[in-house]
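Summary of structural features
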Amino acid sequence: MDERSALAALAETVGGAGDDAAVIDGLVLTTDMLHERTDFPAGVSRYTAGWRSIGASLSDVAAMGGAATAAVAAYGAPEFVPEELDAFVDGATDVCEAVDARYVGGDLDHHDEFTVAGAVVGRVDDPVYRHGAAPGDGVYVTGTLGRTAAAIREFEAENADRGNTLFRFEPRVAAGRALAPVATAMMDSSDGLARSLHQLAAASDCGFEVSWDRFPVDSSVDAVADGEADRRELAAFFGEDFELVFTAPDEEVAAVRASLPVQVTRIGRAIEDGVVADGEPLPDRGYSH
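Residues numbered from 1 in each chain as written. Predicted model: local features only at pLDDT ≥ 70, side-chain atom pairs only at ≥ 80, totals over all residues. Heavy atoms only, no water.

This model, assessed by the stated rule, comprises ten aromatic pairs. Relative to tryptophan 51, the ring of tyrosine 47 has its centre 6.4 Å away and its plane inclined at 40°; by these criteria the two rings are tilted. Placement of both tyrosine 47 and tryptophan 51 in helix 3 (residues 46-63) is noted, with a separation of four residues, approximately one turn of the helix. Centre to centre, the rings of phenylalanine 155 and phenylalanine 167 are 5.4 Å apart; their planes meet at 85°, and the pair counts as edge-to-face. (Phe/Tyr/Trp six-rings, centres within 6.5 Å; stacked < 30°, edge-to-face > 60°. Helix = DSSP H or I, 4+ residues; strand = E, 2+ residues; numbered from the N terminus.)

Okay, here's the thing in structure tokens:
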């Protein structure tokens, strides 16, 4: 089975499976595993790896509308190099501090491939789930799309400094908390915007109608894209951007927009069924673990 099929099977026995994080009595908990071969291309620094490993789980907390409290990581590698360990911890610490959380430790293990399993705990009073969108809601996304895709292209071109800068995304914890009172459904875009829309539609039993020209494509994409088709591919299907995709009544978003710490862009609206872009079906494609 692929990841999505496995998650669907687990949902039969694990009640909380299917959302970005688990919520139990106001405690929000999530974990992510990243591997060198699939998640850290050549050129990624250990500092960036620490930032991104913990940032992925912080993004899950953000998607639930929660406040992050603390993070830990299990660090596996063929050998332990002091400078690499220090850089990893610095990156994990800095991304936590960026969202008012703390990096508090973890575990070390020898492994044949550099691998990190990170976990974050936090608090949330009124979590936002993937279900809840209704026809007429606006569809929004925070920040910009395509940074990770552009980073991969930069790494491939051996522009490591540029790649590392783009790879260190800002977890949208503050935005998630600000949006929680108005969002009807929300998730992060780690699997790509297109797939996120399909997942939200399935969870909410509705559809979405979006416009390509409204997608907030990051300027870094224009520097690496080979034409408009490639630009759309990098922005909508590549994934791993960790922005928030959410639905809400437009008037509610307007009321909180000034208090948001990041731009939000309305890309369309919820409809009865189907996921379409400019009237054409939007493929259910994205990042696969």
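So that's the structure; there's more coming.
Once that is clear, we can look at the nonpolar core. For soluble globular proteins, nonpolar side chains are generally found buried alongside one another. If you look at the biggest cluster of nonpolar residues, it comprises 83 residues, and the most contacted ones within it are Ile54, Leu197, Phe208, Phe215 and Phe246. Ranked by the residues each element gives to this core, the list is headed by helix 3, at seven residues. Mapped onto the domain boundaries, this core takes at least three residues apiece from domain 1 (21-123) and domain 2 (138-281). With sequence-adjacent residues up to four places away left out, isoleucine 54 is seen in contact with Ala71, Val72, Ala73, Ala92, Val95, Cys96, Tyr103, Gly118 and Val120. (Core = buried A, V, L, I, M, F, W, Y, C linked by side-chain atoms within 4.5 Å. Buried < 20%, exposed > 50% of the residue type's maximum accessible area, 1.4 Å probe, protein only. Domains from an automatic or database assignment. Contact = heavy atoms within 4.5 Å.)

A few words on helix 10 (residues 228-236). Listed as buried for helix 10 are Asp230, Leu234, Ala235 and Ala236. Lining the buried residues of helix 10 we find helix 5 (147-156), helix 8 (193-204) and helix 9 (219-222).

As a further point, take the sheet that holds strand 2 (residues 27-35). If you walk across this open sheet you meet the five strands as 1-2-5-3-4, and the pairing is mixed. Of all the strands in the sheet, just strand 1 (22-24) and strand 4 (102-110) have a single pairing partner and so form its edges. For this sheet the average axis-to-axis angle between neighbouring strands, irrespective of direction, equals 20°. Pairing analysis gives nine bridges linking strand 2 to strand 5 (residues 115-123), with the strands arranged antiparallel. Following the sheet pairing, threonine 31 is matched in strand 5 by alanine 119. Strands in contact with helix 3 are strand 2, strand 3 (67-77), strand 4 and strand 5; relative to strand 2, the strand with the most contacts, it is inclined by about 145°. Across the sheet, helix 4 (residues 82-97) is in contact with strand 3, strand 4 and strand 5; its angle to strand 4 comes to roughly 150°. (Pairing = 2+ DSSP bridges. Axes fitted to C-alpha atoms, helices over the stretch in contact; angles between N-to-C directions.)

A word on the sheet that holds strand 7 (residues 185-188). Here seven strands make up an open sheet; going across it, the order is 7-9-6-10-8-11-12 and the pairing mixed. Each having just a single partner strand, strand 7 and strand 12 (280-281) make up the two edges of the open sheet. Direction of pairing for strand 11 (residues 275-277) relative to strand 12: antiparallel, over a ladder of two bridges. Within the sheet, the bridge partner assigned to alanine 277 lies in strand 12 and is glutamate 280. Against the sheet, helix 3 engages strand 7 and strand 9 (244-248), with an angle of about 175° to strand 7. Against the sheet, helix 8 makes contact with strand 6 (138-142), strand 7, strand 8 (207-210), strand 9, strand 10 (264-271) and strand 11, and its axis sits at roughly 145° relative to strand 7, the strand it touches most.

Here we take up the packing of helix 5 against helix 6 (residues 160-167). Close contact between helix 5 and helix 6 brings their axes to 8 Å; oriented N to C, the two are set at 160°. Here helix 6 runs roughly antiparallel to helix 5, going by the angle between their axes. Considering only the axes of helix 5 and helix 6, their crossing is left-handed. In contact with Arg147, Thr148, Ala150, Ala151, Ile152, Glu154 and Phe155 of helix 5, helix 6 contributes Ala160, Arg162, Gly163, Asn164, Thr165, Leu166 and Phe167. (Parallel < 35°, antiparallel > 145°, perpendicular 65-115°, else oblique. Left-handed = near helix turned anticlockwise from the far one by under 90°.)

Right, let's talk about the domain arrangement of the protein chain for a bit. In terms of domain boundaries, the protein chain breaks down into domain 1 (21-123) and domain 2 (138-281). Here the C-alpha centre of domain 2 lies 22 Å away from the C-alpha centre of domain 1. Together, the buried faces of domain 1 and domain 2 total about 1,800 Å²; carbon and sulfur atoms form 63% of this surface. Joining domain 1 to domain 2, the criterion identifies zero salt bridges. Between the two partners, domain 1 and domain 2, sit nine residue pairs in polar contact (both at pLDDT 80 or more). Looking at the side of domain 1 that touches domain 2, the elements that each hand over two or more residues are helix 3 and strand 3. (Buried area = accessible area lost by both parts, 1.4 Å probe. Salt bridge = Lys/Arg side-chain N within 4 Å of Asp/Glu carboxyl O. Polar contact = N/O pair within 3.5 Å; in protein donor to acceptor, adjacent residues only side chain to side chain.)

Among the structural elements, methionine 64 can be located in the loop between helix 3 and strand 3. In the structure, methionine 64 is positioned 15 residues away from glutamate 79 in sequence and 36 Å away in space, judged by C-alpha atoms. Sequence-distant contacts of methionine 64, that is, excluding residues within four places in its chain, are made with Asp19, Asp20, Ala21, Val23, Val28, Val124, Asp126, Pro127, Val128 and Tyr129.

All right, on to the pairing of strand 9 then. Of all five residues that make up strand 9, five are buried, and the element is covered over most of its length. Residues of strand 9 alternate between two faces, with Leu244, Phe246 and Ala248 on one and Val245 and Thr247 on the opposite face, all of them buried. Two elements, strand 6 and strand 9, share four bridges in a ladder whose sense is antiparallel. Within strand 9, the position partnered with valine 139 by the bridge is threonine 247. Here four bridges tie strand 7 to strand 9, and the two strands are oriented antiparallel to one another.

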